[in-house]
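Residue-level structural notes
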Amino acid sequence: MPIDKEQFLKQFVKQALDERISLFLGAGGSCDAGYPNWADLFAPFARDLGTPINESTDYYRLAQYYSNSFGPGELRKRINERINRNNFESQLLEELIDIGFTNVWTTNFDNAIELNYQKRDILTNKVFRDSDFSNIDINKRINIFKMNGDVTNLEGIMATQSDYEKYADTHRIMLMFFKRELISSTFLFIGYSFTDHLVLDCLSEITRYLGYSATYHYTIMKNNPKDPYFKHFVEDIEQRYHIRVLLVDDYKEIQIILNELNSRIRSKRVFVSGAFSSFTSEIEEYSHNLSRNLASSLLENDYRIVNGIGRRFGTHLIGYANEYLAKQGVKDIEKHLIVKPFVGNTQAAAEEKYRSRKKVIGQCGTAIFVFGEMSENSSATKSGVMEEFEIACEQHKTIIPIAYPGMVSEIIWEKVKGELTRYPYLEGRIDLLTSVQSPEFLSQIIIHILDSVQESM
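Here's a quick rundown of the structure.

Conventions we followed
- Residues numbered from 1 in each chain as written.
- Predicted model: local features only at pLDDT ≥ 70, side-chain atom pairs only at ≥ 80, totals over all residues.
- Heavy atoms only, no water.
- Helix = DSSP H or I, 4+ residues; strand = E, 2+ residues; numbered from the N terminus.
- Buried < 20%, exposed > 50% of the residue type's maximum accessible area, 1.4 Å probe, protein only.
- Contact = heavy atoms within 4.5 Å.
- Phe/Tyr/Trp six-rings, centres within 6.5 Å; stacked < 30°, edge-to-face > 60°.
- Lys NZ or Arg CZ within 6 Å of the ring centre and 35° of its normal.
- Lys, Arg positive; Asp, Glu negative; His and termini not counted.
- Salt bridge = Lys/Arg side-chain N within 4 Å of Asp/Glu carboxyl O.
- Core = buried A, V, L, I, M, F, W, Y, C linked by side-chain atoms within 4.5 Å.
- Pairing = 2+ DSSP bridges.
- Axes fitted to C-alpha atoms, helices over the stretch in contact; angles between N-to-C directions.
- Polar contact = N/O pair within 3.5 Å; in protein donor to acceptor, adjacent residues only side chain to side chain.
- Arc of directions from axis to C-beta.
- Parallel < 35°, antiparallel > 145°, perpendicular 65-115°, else oblique.
- Left-handed = near helix turned anticlockwise from the far one by under 90°.
- Nonpolar A, V, L, I, M, F, W, Y, C, P; charged D, E, K, R; others polar.

Some details on the overall build of the chain
Scanning the chain from N- to C-terminus turns up 18 helices and 12 strands. A principal-axis box enclosing the C-alpha atoms of the chain has dimensions of 85 × 50 × 40 Å. Out of the 457 residues in the chain, the part that is buried amounts to 51%. The long-range share in the chain, meaning contacts at least 24 apart out of those at least 6 apart in sequence, stands at 74%.

Okay, here's the thing in structure tokens:
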């Protein structure tokens, strides 16, 4: 039976934080950017052939009939006219990119998804031929696997029944990689109708071999209560293909759900801002104790730590986080501790640091502020901690300041306390967020605040 929204969000957030997620984008996923779905794409061909299009239409076979009647060149020319466009802006694709998929798979010919990545300055690697696999970089770029080919290579697109029948021979490596990823990663299928036998055959093969141990994947699709077979269709793709289905009443709900999914993913990432350069035994000892307790508390409660390696405090925090994860036997440390250094002293470097801070903080839900040294040559307004606070405020993040005497974090704490109605999650707690409290107690209070924000989402 279909899952509800809360089940989907809880289950997929966990997979996303473990970075074991892949996107499968069907034709419906590009509609938001103005591209046609399969029915619209092939409607002119059906009219030329004098045949109708309905839910049972086999588009590979329809394309084959058109190719037989008008020639393969004319078929590809007509496809190119419909999908070779410059428009690619899509709020739906923006939300999907924010989720942070490791890889993207699609049966679409168009370039909407890669153009949206390009707009974000995110490097991608497009793979649509078996020969392209020799150049893929699994770890450094988002790989976009285009199973049916790409509009830039019309001769190689897979559109007809004849193309489909040869697929196992012409795309042997593509199928091998796809099956491997269906086993090792959790897919979210968006805009996909589950009528394409190319994908269903791969899913079926895996469930036949692995049975109940096969990975479950997810899809969000529009409910169709008027179709007497729809309920059975949903049950079938869950039981035979291990696809958990979240039903919506309107396509517009999909983007809203993805936005909520992104919010929940961000809420589990905590940006910790803090730095100091003066060396006194008092601040050094406090930094060590706070770092140790804060790192272990956040990680123990399944939060991810994000840090820019602020002077002294940043290295303490990262060191204790690594120590905790090592003791827990965690091997993929980078999934739990995300280090994004902000370095450089020139004006150009300062501008780059600002852009980097905006990007990194934007991927988090909460920002914790501690220390931030002020000296004769460094005012609070020039402090990196203060700049990070201002960015976090602009982005409406959950703000948790820890006041330390004579430090930027004390100024931030006073600002927040003076406008406490903007930070309702700190009511009754703000006076506890000072260095007067023990690091153990502070860490407990911070976890309570984070958990209360989670519960209110």
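Let's talk about the pairing of strand β12 (residues 398–402)
Within β12, 5 of the 5 residues are buried, which leaves it mostly tucked inside the rest of the structure. Every second residue of β12 is oriented toward a common face, with T398, I400 and I402 on one face and I399 and P401 on the other, all of them buried.

A look at the packing of aromatic side chains
For the coordinates displayed, the defined rule picks out 33 aromatic pairs. A ring pair is formed by F45 and Y66, whose centres lie 4.6 Å apart and whose planes are at 40°; its orientation type is tilted. Residue F45 is found in helix α2 (residues 38–49), and its partner Y66 is found in helix α3 (residues 59–70); the two are separated by 21 residues along the sequence. Positioned over the ring face of F177 is R180, at 4.6 Å from the centre of the ring. In this arrangement the basic side chain of R244 is found over the ring face of Y216, its NZ or CZ atom lying 3.9 Å from the centre.

So, the side chain of K268
Within the secondary structure layout, K268 lies in the loop between α12 (252–267) and β8 (269–275). Within the buried set, K268 has no salt-bridge partner at all; the shortest N-O distance to an opposite charge, 4.5 Å, is to D302. When near neighbours in sequence (up to four residues on either side) are disregarded, K268 contacts V13, L17, N301, D302, Y303, R304 and Q454.

Details of the nonpolar core
Taken as a class, soluble globular proteins show a tendency for nonpolar side chains to be buried jointly. Counting 59 residues, the largest nonpolar core has V272, L298, I305, F371 and L433 as the members making the most contacts within it. Among residues more than four places away in sequence, those in contact with F371 are A275, F276, I283, Y286, S287, F313, V385, Y404, M407, V408 and S409. Judged by nonpolar contacts, the second largest core, of 52 residues, contains F42, A112, I220 and I265.

Concerning the sheet that holds β8
Across the sheet, which stays open at both edges, the 5 strands sit in the order β10-β9-β8-β11-β12 with parallel pairing between neighbours. Strand pairing shows two members of the sheet lacking a second neighbour, β10 (337–339) and β12, which therefore form its edges. Going across the sheet, the axis of each strand differs from the next one's by a mean of 20°, ignoring polarity.

So, the sheet that holds strand β5 (residues 186–190)
The parallel open sheet is built from 7 strands, whose spatial order is β3-β4-β2-β1-β5-β6-β7. Every interior strand has two partners, whereas the edge strands, β3 (124–127) and β7 (243–248), have only one. When the angles between neighbouring strand axes are averaged without regard to direction, this sheet yields 20°. As judged from the 5 bridges shared by strand β1 (residues 21–25) and β5, these two strands associate in the parallel manner. Its bridge partner being in β5, S22 is matched across the sheet by F187. The strands that helix α6 (residues 112–119) touches are β1, β2 (103–106), β3 and β4 (142–146); relative to β4, the one it contacts most, it runs at about 165°.

Structural notes on α6
Listing the buried residues of α6 in full gives A112, I113, E114, N116 and Y117. In this structure, the buried side of α6 is in contact with β1, α5 (91–99), β2, β3 and β4. Where α6 ends, the next residue or the one after it, D121, has phi of about 60°, a positive value.

Some remarks on unusual backbone geometry
With a phi angle near 60°, F194 is a residue other than glycine that sits in the positive phi range. Here F194 is to be found in the loop between β5 and α10 (197–210).

A look at the pairing of β5
Burial runs high along β5: 5 of the 5 residues are buried. On β5, burial covers both faces: T186, L188 and I190 on one face and F187 and F189 on the other are all buried. The pairing of β5 with strand β6 (residues 217–222) spans 3 bridges and is classified as parallel. Within β6, the residue paired with F189 across the bridge is T219.

Topic: the environment of S213
Topologically, S213 is positioned in the loop between α10 and β6. Between the C-alpha atoms of S213 and I183, which are 30 residues apart in sequence, the distance is 9.6 Å. Here L210 takes part through its backbone oxygen, which lies 2.6 Å from a polar atom of the side chain of S213.

Brief notes about helix α17 (residues 408–418)
The periodicity of an α-helix, 3.6 residues per turn, causes residues three or four positions apart to be oriented the same way. Taken together, the buried positions of α17 are V408, S409, I412, W413 and V416. When α17 is viewed along its axis, its buried side chains cluster within an angular range of 140° and face the same direction. Where the residues of α17 are buried, they touch β11 (366–371), α16 (384–394) and β12.

Some points on the packing of α5 against α12
α12 packs onto α5 with a crossing angle of 25° between their chain directions and a minimal axis gap of 9 Å. Here α5 lies roughly parallel to α12, going by the angle between them. Regarding α5 and α12, the two cross each other, and that crossing is left-handed. Only I254, Q255, L258, N259, L261, N262 and I265 of α12 make contact with α5, whose side of the interface consists of Q91, L92, E95, L96, D98 and I99. For the contact of α5 with α12, a count of residues per class yields 7 nonpolar, 4 polar and 2 charged.

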